[in-house]
Amino acid sequence: MSRTRTALVLGMAAAGALSVASVTATAAPLPLAGSTTVTPAGHAFKAALSGKATLKAGSVTVTCTVSVSTGTVPAAPGNHNAAGPVSSPISPPTYSSCTSSMPGVTPTVTTSGSWSVSMQDGSPITATMTVPVGGLVVHTTGLATCTVTAAPSAPANVAGSWANGAPSSLTFTNASVPVTVTGGFGCPTSATSSTFNAVYKVTDTTDPAQQITVGP
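Report on the accompanying structure. Counting of residues starts from 1 at the beginning of each chain's written sequence and follows it residue by residue. Totals for whole chains, interfaces and linings use every residue, but because this is a predicted model, local features are given only for residues with pLDDT of at least 70 and side-chain atom pairs only at 80 or more, for both listing and counting. To get the side-chain values, take all heavy atoms of the structure and skip hydrogens and water.

**Concerning the packing of aromatic side chains**
Here's step 1: Only the six-membered ring of Trp is used, alongside the rings of Phe and Tyr, when aromatic pairs are assigned; centres must lie within 6.5 Å, and planes under 30 degrees apart are stacked while those over 60 apart are edge-to-face, with the rest tilted. In total, this model carries one aromatic pair according to the counting rule given.
Here's step 2: On the numbers, 5.6 Å between centres and 50 degrees between planes, the contact of F172 with F196 is tilted. Of the two residues, F172 sits in strand β14 (residues 168-183) while F196 sits in strand β15 (residues 193-204), which places them 24 residues apart along the sequence. The same class applies to F172 as to F196, namely buried. Each helix corresponds to a stretch of at least 4 residues labelled H or I by DSSP, and each strand to a stretch of at least 2 residues labelled E; elements are numbered beginning at the N terminus. Each residue is assigned to one of three classes by its accessible area relative to the maximum for its type, calculated with a 1.4 Å probe on protein chains only: buried under 20%, partly exposed between the two thresholds, exposed over 50%.

**Observations concerning empty space enclosed by the protein**
Here's step 1: We place a 1 Å grid over just the protein atoms. Points where a 1.4 Å probe fits but has no way out form a cavity, open points with protein on both sides within 12 Å along at least 5 of 7 lines form a pocket, and any residue with an atom within 4 Å of a point lines it. Grid points are joined across faces, edges and corners, and a volume is the space filled by probe spheres set on the points. Tallying each qualifying case throughout the model produces four cavities of 30 Å³ or more.
Here's step 2: Around the largest cavity sit 16 residues that line it, and L55, Y95, V109, L136 and F196 are the ones nearest its centre.
Here's step 3: Sorting the residues of the lining of the largest cavity by element identifies β3 (53-57), β4 (60-72), β10 (125-131) and β11 (136-142) as the ones contributing at least two each.
Here's step 4: The dominant element in the lining of the largest cavity, judged by the number of residues it contributes, is β3, at three residues.
Here's step 5: Gly falls in the polar group here, along with every residue not listed as nonpolar (Ala, Val, Leu, Ile, Met, Phe, Trp, Tyr, Cys, Pro) or charged (Asp, Glu, Lys, Arg). Class assignment of the residues belonging to the lining of the largest cavity gives a composition of 15 nonpolar, one polar and no charged.
Here's step 6: Empty space within the second largest cavity amounts to approximately 120 Å³.
Here's step 7: For the lining of the second largest cavity, the secondary structure elements donating two or more residues are β2 (44-49), β9 (115-120), β14 and β15.
Here's step 8: By residue class, the composition of the lining of the second largest cavity is 12 nonpolar, one polar and no charged.

See the structure below:
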């Protein structure tokens, strides 16, 4: 076999091997999420803010010291997912006793729509709160009149973590939330995202002697 034919054959073989490798790499399945079980099945719960919640958009930070949401763990077998998270609808969280980092400005936070929270067992246990379109609006009055709308065009998934305990806790640390800001002087109208920080203590309201727990 001539050198030209040999080089051609070797080149075709190498190209074939590369193609097979590429197909194999593309076809490799992604790792499956582990199983998740939230207990006690069917129990109602309350998530109450511990400390303060902050929502920062641009240079403006709104701080609230009271926030509450309620929900119910899915009844069995819906409280278990063999390959992924378990989701529960929750009431729109209420926010009150709020202040602004801008002097002379008073914020009011309103929430609406269908909210939910999902838990995925792991190390750590992850939590995702879903904010519906326009489900949280901050309106300020005083020296600056601004409106901050969270999840303005699509539902937003806010990443957090869960820790089992007595009571268990749901924590959001520098979680990013898409926003739009409208208003005049002093309003951070160029901001397209905000940073959310909060810790909620979650208690079982069906049986206060029990704890809401996430496991495999």
